[in-house]
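Examining the three-dimensional arrangement
Single-letter residue listing:
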Protein chains: 2
Amino acid sequence: MKPSPPIDIEQRLANLTEACRATGMRVTHQRLEIFREVAKTSEHPDADTIFQRVRKRLPTVSHDTVYRTLASLEEMGLISRVDPARGGARYDANCDKHHHFVCTECGAITDIYLQYEPPLPEGIENLGDVESLHLQVRGICQNCKTN
Amino acid sequence: MKPSPPIDIEQRLANLTEACRATGMRVTHQRLEIFREVAKTSEHPDADTIFQRVRKRLPTVSHDTVYRTLASLEEMGLISRVDPARGGARYDANCDKHHHFVCTECGAITDIYLQYEPPLPEGIENLGDVESLHLQVRGICQNCKTN
DNA sequence: GTCACTGCAAATAATTTGCAAAGCA
DNA sequence: TGCTTTGCAAATTATTTGCAGTGAC
């Protein structure tokens, strides 16, 4: 397992601006703040957590704008959805190739960087065109183990 | 990728009876029929699909009984939840070690049997106690490709 | 007979949608 | 200005819960 690279927020925000320009989408205040909340953390927050945090800066932001914006950002490829075993969708602005450890007790999600990426199963092309491969390791995290 | 082994419904139903006896749970008509619906297919139906099918035989079965029963069966280890990227939870009575191909267009889930199981990432023990490892390959299935 | 299980109804959580007003390019 | 995006409110979808009656062992 390789160590996690540091988060470069400025780079991520620059990617947002560029992606918006490229796709004709507008860089609105809401979009910027919602993306910033996802971009600045590696804790994979869910939609409601993002909503609560953004609301501190933009008190009039609505719940559905958060959902719509997260969907747009995902479509632009700037963030990705992580679907844990339980609870709502979680979001991740980490575009590096990586996988996840999901705690089945508290729901915490930690990035896993593999030394070698798992190869696609041979013969998978008979099932369809592959878009992505996700490895999810489930278990009890250190924090839950000791508590 | 290894070929999928055939489904042995009788064996699966026998496992249910034995697991109920072992855990003190009762083999009710509803529980039997709900399990049978999951056990006899490899299409990974969701809770509502199971509900619709069981209702044909047990017209008074309720939606919440299906949810509660699926949760019990999962706890007993007779079925497992599959969480696709979109939509509700799907259920699977296949207890052999396997992974999934999920079609991002129609939501179809197909079992994948690997020649070699992916090894746990080295150093994963620093994150916590591992319970399971799931590989999910996402893409467009053959059926959606041609339509 | 006892205790787990079920059906009903209603609650909750998570997410989506229609529409008119507001804001970026 | 024109078209995207937002906020509001309400609708959906997925799932869970309390409770009294029912049934398996």
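Now for a quick tour of the structure.

So, how was this worked out
- Residues numbered from 1 in each chain as written.
- Chains lettered and ligands numbered in written order.
- Predicted model: local features only at pLDDT ≥ 70, side-chain atom pairs only at ≥ 80, totals over all residues.
- Heavy atoms only, no water.
- Near = heavy atom within 4 Å.
- Polar contact = N/O pair within 3.5 Å; in protein donor to acceptor, adjacent residues only side chain to side chain.
- Helix = DSSP H or I, 4+ residues; strand = E, 2+ residues; numbered from the N terminus.
- Nonpolar A, V, L, I, M, F, W, Y, C, P; charged D, E, K, R; others polar.
- Least-squares fit on C-alpha atoms with pLDDT ≥ 70 in both.
- Contact = heavy atoms within 4.5 Å.

**Things to note about the protein's contact with DNA strand C**
Close contacts around DNA strand C come from 19 residues, with A:Arg26, B:Gln30, B:Arg31, B:Asp64 and B:Thr65 the closest. Note that a phosphate oxygen of DNA strand C is positioned 2.7 Å from one of the side-chain N or O atoms of B:Arg31. Counting only elements with at least two residues in the surface near DNA strand C, the list comes to α4 (63-75) of chain A together with α2 (29-39) and α4 (63-75) of chain B. It is α4(B) that contributes the most residues to the surface near DNA strand C, four residues altogether. Its residues assigned to classes, the surface near DNA strand C comprises five nonpolar, seven polar and seven charged.

**Side note on the relation of the copies chain B and chain A**
The operation relating the two chain copies consists of a rotation about an axis and a shift along that axis. Least-squares fitting of chain B to chain A yields an RMSD of 0.1 Å, with the transformation described by 0.0 Å of translation along the axis and a rotation of 180°. With respect to symmetry, the two chain copies, as superposed, fit the operation of a two-fold axis. Across chain B, the rotation axis passes nearest the C-alpha of B:Leu135, at a separation of 2.3 Å. Interface overlap between copies is the fraction of interface residues in one copy that are interface residues in the other; for chain B against chain A it reaches 100%, indicating a shared surface.

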